[in-house]
Amino acid sequence: AEKVENFRPIGLDALTDRVLVEMAGAIARSHAVIHRDPLPWIWGDPLLIERLLQNVISNALKFTKPGQSPRIAIGSTQEEDMWRIT
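Residues numbered from 1 in each chain as written. Predicted model: local features only at pLDDT ≥ 70, side-chain atom pairs only at ≥ 80, totals over all residues. Heavy atoms only, no water.

Side note on the layout of surface pockets
Thought 1: Counted as a void, the largest pocket has a volume near 310 Å³.
Thought 2: Along its surface, the largest pocket is lined by 15 residues, and L52, L53, V56, I85 and T86 are the ones closest to its centre.
Thought 3: Secondary structure elements with two or more residues in the lining of the largest pocket: α3 (46-62), β4 (71-74) and β6 (82-85).
Thought 4: In terms of residue count, α3 provides more of the lining of the largest pocket than any other element does, six residues in total.
Thought 5: For the lining of the largest pocket, the class distribution of residues is 13 nonpolar, one polar and one charged. (1 Å grid on protein atoms, 1.4 Å probe; cavity = no way out; pocket = protein on both sides within 12 Å on 5 of 7 lines; lining within 4 Å. Points joined across faces, edges and corners; volume = space filled by probe spheres on them. Helix = DSSP H or I, 4+ residues; strand = E, 2+ residues; numbered from the N terminus. Nonpolar A, V, L, I, M, F, W, Y, C, P; charged D, E, K, R; others polar.)

Put into structure tokens, the structure is as follows:
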């Protein structure tokens, strides 16, 4: 069962910006190019969503072809009453 007591509205633009600032050193070292579209507000646990973003971006930085700079695109699409974050 989900614990919803920590759920609240989350502005993904601000949260993603914060994660990118926190990861600025790793991003610079990898020479990553990051493109981010405007992101929606969602309902969730901010700490869990922040960790998810950190892990996904970290994996994108680590698992790239040798000799290539990572290219990361962050976006979203609305699907009925849900958002798909890509």
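Some thoughts on the pattern of salt bridges
Thought 1: Scanning the model with the defined rule gives four salt bridges in all.
Thought 2: Between R36 and D13 there is a salt bridge, with the nearest N and O atoms lying 2.4 Å from each other. Taken together, the residues R36 in strand β2 (residues 33-36) and D13 in helix α1 (residues 12-22) connect sequence positions 23 residues apart.
Thought 3: Classification of R36 by relative accessible area gives partly exposed; the value is 25%.
Thought 4: Close ionic contact of R36 with D17 constitutes a salt bridge, the shortest N to O distance being 2.8 Å. (Salt bridge = Lys/Arg side-chain N within 4 Å of Asp/Glu carboxyl O. Buried < 20%, exposed > 50% of the residue type's maximum accessible area, 1.4 Å probe, protein only.)

What to know about the confidence of the model for the protein
Regions with low pLDDT carry predicted coordinates that are not meant to be interpreted in detail.
Thought 1: Chain-level statistics for the protein give a pLDDT mean of 94 and a share of 97% at 70 or above.
Thought 2: The spread of mean pLDDT over the elements of the protein runs between β6, the lowest at 95, and α1, the highest at 98. (pLDDT = per-residue confidence, 0-100.)

Some points on α3
Thought 1: Helix length check: α3, at 17 residues, gives a terminal C-alpha distance of 24 Å against a target of 24 Å (1.5 Å per residue), a fit within 8%.
Thought 2: Taken together, the buried positions of α3 are occupied by P46, I49, E50, L53, I57, S58 and L61. Here the buried residues of α3 occupy an arc of 165° about the axis, which is enough to place them on one side. Relative to its buried face, α3 has exposed residues pointing more than 90 degrees away, namely V56 and K62.
Thought 3: Its side-chain oxygen 3.0 Å from the backbone nitrogen of L47, D45 forms the N-cap of α3. (Expected span 1.5 Å × (residues − 1). Arc of directions from axis to C-beta. Polar contact = N/O pair within 3.5 Å; in protein donor to acceptor, adjacent residues only side chain to side chain.)

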